[in-house]
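As a plain string of letters, each chain reads:
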Amino acid sequence: MSYIVFDNVTKEYKTGEVITRALRGVSFSIEKGEFAVIVGPSGAGKTTTLNLLGGMESVTSGTIYVDGRCVSAMSKRELTAYRRYDIGFVFQFYNLIQNLTALENVEIATQLSRNPLDAAELLREVGLEDRMKNFPAQLSGGEQQRVAIARALAKSPKLLLCDEPTGALDYNTGKAVLRLLQQTCREKGMTVVVITHNQAITPMADKIIRIKNGVAERVEINRNVRPIEEIEW
Amino acid sequence: MVRKATVKDILREIIRTRSRFISIAVLVFLAAAFFTGLRGARPSMHRTVDAYADAHAMYDILVRSTLGLKQEDIEALSEIEGVTKAAGGHVIHALIAPFHKDAAETVVSLETMGQGGINVPELLEGHLPEKADECAVEELFLAGTGLQIGDRFEVRHLPDGMEDALKVTEFTITGLVRSPLYVSKAQRGPSTLGSGSVTAYAVILPEAVTLDYYTAAYVTVAGALEEVAYSGGYDRAVRPVLEAIESIAPERAQLRREEIVSEAQKELDEAKETLEEKKAELLDAERELADARQKLEDGRRELEEGKETLKRELADAERELADAERKLRDAADEIDRGWSELFTQKEKARTEFEDAARQIAEGRAELEKAYAEYEEKRAEFDQKLEEWNALPEFIRSAMPEQKAAIEAAEAELNAAKRQLDAEKEKLDAAEAELSAKRAQAEQEFAAAEQRLADAQREYDEGLRKLKEGQEEYEEQKHRGEEEIAKAERELSDAEAEITENEEKVADGKVKLADAEKEIKDAEEKIADIPEGEWYVDDRDANTGYKNFAEDADRIGHIANVFPLIFFLVAALVSLTTMTRMVEEKRTEIGTYKALGYPGATTAAKFVVYSLVATVAGYVPGVIFGSLFLPWFVLRAYSILYELPRTVTHIHVPAAIFAAAGVLICTVGATVMACYSTLRETPASLLRPRAPLPGKRVLLERVTPLWRRLSFFSKVTTRNIFRFKKRLLMTLAGIAGCTALIVAALGLRDSITDITNKQFGEIYTYQLRAYLDGAYDYDALTKALDKLEFAEYLFIDTVNVDVSLNGAKETAEVLIPQDTGRLHRFITLRDRKEHTPVELTESGAIVTEKLSELLDLEAGDTVELWTDSVYNANISGTTEQYAGHYLYMSRAYYESVFGKAFEPSQILIHIDEAAGQTPAHAAAELLKIDGIAYVSSFIELAEYFSDSMKSVDSVVVVLLVSAALLAFVVLYNLTNINITERMRELATIKVLGFFDWEVSMYVFRENAVLTLMGVALGLVGGYFLHKWLIGTVELSFIMFGRDVRAPSYIFAALLTIVFTVAVNVVGHRRMMKINMVESLKINE
């Protein structure tokens, strides 16, 4: 079986009398070491998919397998453990802890993991050697996002999930971040799933999952993977 | 439309964030309740007393005179402008007991109440006295004597000078009363009788009193009724009348004095008159005595003279008698001779005469014979004659012979007869001669006899006279002697009498001298009659009334400080909460602003929200506080005061102040919170707020320490110091909670401390025996020695007012008979160090609270006021918790007061470890002659613990409010904490923190803050406790000044428990955080 399998996953939200169907039967799979991109219009259900994949929410129906484990059947506690050890999350708005330095933000993740990587080393790798003692408020957006990536990587997770990582960044910075992600994917063999509404970057991915109206409309395999430097938009 | 939307909006918001809404409301409630309640407590207390006083026409002004007041004084008082009523009353202390012989005696105050419509007592049961021997009593009276309504008691003793003040000596209790004159449940005042203090009062009728003066006058003032007791208006109404009374006082007092003086003077003058009379009498008596003496002397002299005369006379008489005797003897001899002579002569004569007689006789015989013959013849003749005569005449005439014969016969006869007769005549003559001779001789003899007889008679007479004379002499002598003797006896009697009388006179003189001295004394006394002085007081002279005001003030002090805590917290919580709320609504505000709504409208929403919360808390708070707290306080004080229904009211100024306060705290905080946000441009508002930049903590600079901290410790430390406001608030809340608990428990400690320390460590004796007025010291000590289980010490006590620089307090001077043994009964020591304090000959030891109140130091000299003023030097201070005392050694006492030490009480120490019980010992002691009664400390200790229970209630209130405070603050804080860091928490949840790890992430901070807060609170509590003690203490009690260690520990633990509880609740909330939602929030 594939590394990641989504099998007819539905997700419904009930608020009072209103039932919102975020996903209406999403199915796809992602192989290990793949750089997958999930695209779709706003409100399609991309984030929901990622959240389900990341164990932040539970499915209403359907199954999700990651590395042979049935994530959709996990208890809350198991999900927490799953998130702890197996997932690295990168948010659109970084979500760094303001009260901790860059280094400490990464360290907070290393404290959790079973086999963490060296925080300082990671930060160096992402090019923030000089910024380790700075607080997030003292970092630019791009730097913050790199810290976030470092934090996500520090746990040496199985998956790296990124929800619109470049959404708050400018063109160049965004590109740099994407490059970093691509690099990580290639060099560390990490499975990376990126959500974006920017169609233009789909060429950098190995797999493109198009989600529309709560279903995975199309799952493409990209034979022509292009390095991000070459992509312009 | 906007309005409707806004209303809906606000309502929804309220419901949505109800915990926030409730927090604010609760804090406002607490602040408002405590503020108005406590603030209102004092006026409420004032009003309660006022209502009570007004309902029973309590006096406004009390007038007392050193010389008593008369009806004229009362009238003079009622004529003063502003006086509505004036009436006189009597207060007489008496030592009473139920009728049973061994019943304990109690000192009570018998008073007339309700006269002139002033000081009308409140009848609770039974009826008011209607007869002179009835009385109505207060509850304390029944409790103190064990009597019931319907029982009787007798008056055993009255104070000096008032021995005849009552008409009756027994009273029947007819009812139970209560009076505003005695709101206090203790402290009925000192007395010169019995134990030295009055136990209770009883209301009697004026008819029971014989005094012709009033011991006090009561005045009510126009306008005072409308004013509230203790208020400025009341004082203003009363003051002018008081001054008016004071202005007439000297004159009236002088009048009274003159009256008394003139009365006394009149008596004195009368006495003097009598004295003079008596003096004159005495003088007369003396004079008479002198005369009598003189007479006696004269009499004596006369007697002597008389004696002499008698002697002389007797001697003369004796001589005379002797003469007479001699004469008589001679006479007797003569008579004897006379008699014998006479006898001889008589014999001779007799013989002669006899011879003669014989002759005559013979003659006569013959004659006789002759006569006989004649007779015969005569007879014959006669016969014949007769016959003759018988014959008729003619016969006779016929017989002339015969006639002749007869004639012849007759003639013969006649001749014979003549012869005879002549013979006879001869004889007769002879006889006659003889007779004559005889007669003569007889005469002579007779004469001689007569003479002799006379002589004899004379002699006899003489003898008789002599005898008589002798007898008389004897008699006279006898009589004379007797008389002399009698006279002498009489004289000596008289002398004796005189001497007696002289003694009497002398006695009388002495008595007179005494009487004169007495008069002199009385004169002096008159001169000493004090200048009449009037003491004009307002109600402050009434201890209960005044103390109540002081207690009310105490509550007022608490009211000033205590609620501030709540206000402060309310302000802080509101500020943070509303700031949070404004933050949450940031985008909304931005949107409204962008749409064109003025900032004010947007702000209005928040203001209204907080306003509604405030009102929701304020209104119930004010009502609850105003109604409940004063009631509660009064109930707490009901152990000390007897008052009817509490008067509660909404204290409007306090309510307004509270309203202002809470509005500032909440709405003001809201406005503050809004202000900065609303100043931002809509654009910046719509952007997520730049998160607060991280900052290095000071602690980080301490590199060695910082390095050692674990990662999460560093996180925690940073987090703690990141939000200053929250930090302060949390610390304030926790510290406040701890401090309140420390203060509350400390208060209880201090109070229980008193009982333990006072009655266990300081007073090591258990019983105090009061002695009778007269007792036999030796017999008493013997009896006490016999009681093997007791150690005893004689003491004396004097109730005084101690004053220094105008400040005055009542205290008791205690003098032990033996200074060296005092420590076995009372421990004199320094409170902090427990070093013993020594009682020396040169100063008094004073108790700590007293020295605090009067600001005394060793070396100060104080004035002691009793019947006179004395000065005493203070040499040290000793630990004491109840009452004020001065300890003096015997020698010092005598040198200060100039009176000899006379024991009036005995301190008894029994060995309770040996199984002796105070009750048993007391019973044994009462059996001893000379001991009037025994008081045991158990009762006293119980009284204390009872009266302290009122403060216990305060403790509970403090504890509960502390808990509430802590809970609300901490809950709020935790909520805010969580809400503000939702994103952060969601992030770490995403990172894979387990639930408990997430909790710990936050709660580590809470834990540190709690510990810091508790530490601060312990310190704060120490000071709060000190302040609380100072405020709550009654003047005559000193509470223990220390908080016991367990209290601190308990306070800390309790606070921690609260914190943990809050955290547990917060934990649940945190679990509910939806990561996805939280992370989506665009802030």
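What you see is a predicted model, and the numbers here were worked out from it, not measured in a lab. (Residues numbered from 1 in each chain as written. Chains lettered and ligands numbered in written order. Predicted model: local features only at pLDDT ≥ 70, side-chain atom pairs only at ≥ 80, totals over all residues. Heavy atoms only, no water.)

Novice: I'd like a description of the sheet that holds strand β10 (residues 216–221) of chain B, backed by residues and values.
Specialist: Residue and element names in this part refer to chain B. Here 4 strands make up an open sheet; going across it, the order is β2-β10-β1-β11 and the pairing antiparallel. Single-partner strands in this sheet number two, and they are β2 (83–89) and β11 (534–538). Taking each pair of neighbouring strands and ignoring which way they run, the sheet shows an average axis angle of 20°. The pairing of β2 with β10 spans 6 bridges and is classified as antiparallel. If you follow G88 over to β10, its bridge partner there is A217. Strands in contact with helix α3 (residues 71–78) are β1 (61–65), β2, β10 and β11; relative to β2, the strand with the most contacts, it is inclined by about 165°. (Pairing = 2+ DSSP bridges. Helix = DSSP H or I, 4+ residues; strand = E, 2+ residues; numbered from the N terminus. Axes fitted to C-alpha atoms, helices over the stretch in contact; angles between N-to-C directions. Contact = heavy atoms within 4.5 Å.)

Novice: Describe the sheet that holds strand β2 (residues 18–30) of chain A, and please don't skip the residues or the numbers.
Specialist: Strands pair in a sheet through their backbones, by hydrogen bonds, and they do so in one of two ways: parallel or antiparallel. All names here are of chain A. Spatially, 4 strands are ordered β2-β1-β4-β5 in an open sheet, and the strand pairing comes out antiparallel. Unpaired on one side and paired on the other, β2 and β5 (69–70) mark the two borders of the sheet. Sheet strands in contact with helix α1 (residues 46–53) are β1 (4–15), β2 and β4 (61–66), and its direction is about 115° off that of β1.

Novice: Lay out a nonpolar patch on the surface in plain terms, naming residues and giving numbers.
Specialist: All names here are of chain B. Taken together, L611, V615, V619, I623, L627, I650, V652, I656 and L663 make up a surface patch of nonpolar side chains, about 720 Å² in accessible area. If one sorts the elements of the nonpolar patch by residue count, helix α10 (residues 599–636) sits on top with 5 residues. With respect to the helices and strands, I650 occurs in the loop between α10 and α11 (652–679). (Patch = residues over 30% accessible without salt bridge, like charges linked within 9 Å, V, L, I, M, F, W, Y side chains within 5 Å. Areas by Shrake-Rupley, 256 points an atom, 1.4 Å probe, with all protein chains shown as cover. Salt bridge = Lys/Arg side-chain N within 4 Å of Asp/Glu carboxyl O.)

Novice: Tell me about the interface of chain A and chain B, residues and numbers included.
Specialist: Counting residues at the interface gives 28 residues for chain A and 30 residues for chain B. Three residues, A:N95, A:Q98 and A:N99, lead the burial of chain A against chain B; their summed loss comes to 20% of the area buried on that side. The tally of links from chain A across to chain B stands at 2 salt bridges. We note a salt bridge from B:D995 to A:K76, for which the minimum N-O separation is 3.8 Å. If you look at where chain A meets chain B, you find 5 residue pairs in polar contact (both at pLDDT 80 or more). The set of elements that each furnish at least two residues to the side of chain A that touches chain B consists of α2 (76–86) and α3 (102–110) of chain A. The element best represented in the side of chain A that touches chain B is α2(A), accounting for 6 residues. Class assignment of the residues belonging to the side of chain A that touches chain B gives a composition of 11 nonpolar, 7 polar and 10 charged. (Buried area = accessible area lost by both parts, 1.4 Å probe. Polar contact = N/O pair within 3.5 Å; in protein donor to acceptor, adjacent residues only side chain to side chain. Nonpolar A, V, L, I, M, F, W, Y, C, P; charged D, E, K, R; others polar.)

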